[in-house]
Amino acid sequence: MKIAYGKLIKESLKARSSSYSPYSKFKVGAAVLTSGGRIFTGANIECASYSITICAERVAAAKAVSEKHRKFSAIAISSSGREFAYPCGACLQFLYEFCDDMTVFLVKSEKIFEEYKLSQLLPKQFHL
Ligand SMILES: [Zn+2]
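Residues numbered from 1 in each chain as written. Predicted model: local features only at pLDDT ≥ 70, side-chain atom pairs only at ≥ 80, totals over all residues. Heavy atoms only, no water.

Q: Mind showing me how you'd approach the sheet that holds strand β3 (residues 72-79) here?
A: In sheet architecture, strand pairing relies on hydrogen bonds along the backbone and comes in two forms, parallel and antiparallel. In space, the five strands of this open sheet follow the order β2-β1-β3-β4-β5, with mixed pairing throughout. Across the chains shown, the open sheet's two edge strands, defined by having one partner strand only, are β2 (39-43) and β5 (113-117). Going from strand to strand, the sheet's axes swing by 15° on average, the running direction of each strand aside. Pairing between strand β4 (residues 103-107) and β5: five bridges, direction antiparallel. Bridging from a neighbouring strand, Val-107 pairs with Phe-113 of β5. (Pairing = 2+ DSSP bridges. Helix = DSSP H or I, 4+ residues; strand = E, 2+ residues; numbered from the N terminus. Axes fitted to C-alpha atoms, helices over the stretch in contact; angles between N-to-C directions.)

In structure tokens, the structure reads:
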């Protein structure tokens, strides 16, 4: 594991503390690593109108993209749940927009995580 990935995993765990999840109490943190080596973090943001809730992965990605970092190499995702929190389909498609393929870490702790490629989690992407 590259050193940057260890930091990425730590940042995803820290990002959970920024979660705004008053309804589900399910806290998710995400940290995106750009191809330039920058890390952007995000947390899930819930809303009383549930359907417009935003996942941590898309918050982190949007922060990076809005600062013109538009190529990702990895993301780490952690949650307050007992199981690994797999990204939802919307987030997988959104992440694909900004990578050829990227490494996805599902994190329980600094030492307990799973590693995938985005193409494993979303083998058939939508293309125009
Ligand atoms: Zn999602």
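Q: For this particular structure, what's the right way to read the coordination of the zinc ion?
A: For a metal with four donors in a tetrahedral arrangement, the ideal angle between donors is 109.5 degrees, while six donors in an octahedron ideally sit at 90 or 180 degrees. Looking at the metal site, the zinc ion is ligated by Cys-55 (SG), Cys-88 (SG) and Cys-91 (SG), spaced 2.3 Å from it. Read in sequence order, the donor residues coordinating the zinc ion give the pattern C-x32-C-x2-C. (Donors = N, O, S within 2.8 Å, 3.2 Å for Na, K, Ca; no water.)

Q: It is not clear to me how helix α3 (residues 89-96) should be interpreted in this structure. Could you clarify?
A: Every α-helix carries 3.6 residues per turn, so stepping three or four residues along brings you back to the same face. Residues Cys-91, Leu-92, Leu-95 and Tyr-96 constitute the buried set of α3. All buried residues of α3 project into a common sector of 140° when viewed along the axis, lining one side. Buried residues belonging to α3 abut α2 (56-66), β3 and α4 (118-121). (Buried < 20%, exposed > 50% of the residue type's maximum accessible area, 1.4 Å probe, protein only. Arc of directions from axis to C-beta. Contact = heavy atoms within 4.5 Å.)

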